[in-house]
Structures are given as structure tokens and as C-alpha cells.
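Observations on chain architecture
Each chain, written out:
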Amino acid sequence: MQGHPHPGQSSGKKQKRKQQARLQGHSEQMAAVASTIAISLASKSNDLELETLVNLFSLITQTLRLILAQRAVDGKSDLSETIIL
């Protein structure tokens, strides 16, 4: 039997729905921002510098995915809703 949240507190599912609603439509904005940043970096960098940036961003991405995966394992996030690519 599920209990009701304390008055003034939202349930976890309700908070997740609110967060998802706020993020809707941001995919296109993120793609535009990412493209703008990539074009700006490419126009100011040579091939060696670009390859170094790609490696750096790849390491950052892998580390963030590792943190997300470990949070799911530790129970700090819902593994069923965590997408790890």
C-alpha cells in the first residue's frame, strides 16, 4: 500500500513528470547549441587541436556515463529509467 506524500512534498513520479515536461522541446535547442559550439571550435582550431578536443569531450562523456551508471547501482537513481549508451 502506497502512502501519500507529506503535505507540500511531491511524489517522485510527480517530480519526474514535471522535469520531463520542462525538458520537452529542448532537444532541438541543444542540437543548435552543440552545432554552434562545434562550428566555433572548428573555425579556431587546427586538426590536431580538434582531435585533442574530441578526445577530451569523449573522456568527459565516458566519465559522466560512469557516474550515472554507478548512481543507478548505488540506488541514487532509478536504473529502469537511466539510459546508458
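Above this text is the structure in question.
The structure displayed is predicted, hence computed values, not measured ones.

The rules we used
Residues numbered from 1 in each chain as written. Predicted model: local features only at pLDDT ≥ 70, side-chain atom pairs only at ≥ 80, totals over all residues. Heavy atoms only, no water. Helix = DSSP H or I, 4+ residues; strand = E, 2+ residues; numbered from the N terminus. Expected span 1.5 Å × (residues − 1). Polar contact = N/O pair within 3.5 Å; in protein donor to acceptor, adjacent residues only side chain to side chain. Patch = residues over 30% accessible without salt bridge, like charges linked within 9 Å, V, L, I, M, F, W, Y side chains within 5 Å. Areas by Shrake-Rupley, 256 points an atom, 1.4 Å probe, with all protein chains shown as cover. Salt bridge = Lys/Arg side-chain N within 4 Å of Asp/Glu carboxyl O. Buried < 20%, exposed > 50% of the residue type's maximum accessible area, 1.4 Å probe, protein only.

Bringing helix H3 (residues 47-74) into the picture now. Here H3 contains 28 residues, and its C-alpha end-to-end distance of 40 Å stays within 8% of the 40 Å for a straight helix at 1.5 Å per residue. Capping the start of H3 is the job of one residue whose side-chain oxygen sits 3.0 Å from the backbone nitrogen of Leu48: Asn46. In the stretch just after H3, Gly75 is the one whose phi turns positive, near 85°.

We now examine a nonpolar patch on the surface. A surface patch of nonpolar side chains, about 440 Å² in accessible area, is lined by Leu56, Phe57, Ile60, Leu64 and Ile67. Relative to the helices and strands, Leu56 is located in helix H3. With relative accessibility at 43%, the residue Leu56 sits in the partly exposed group.

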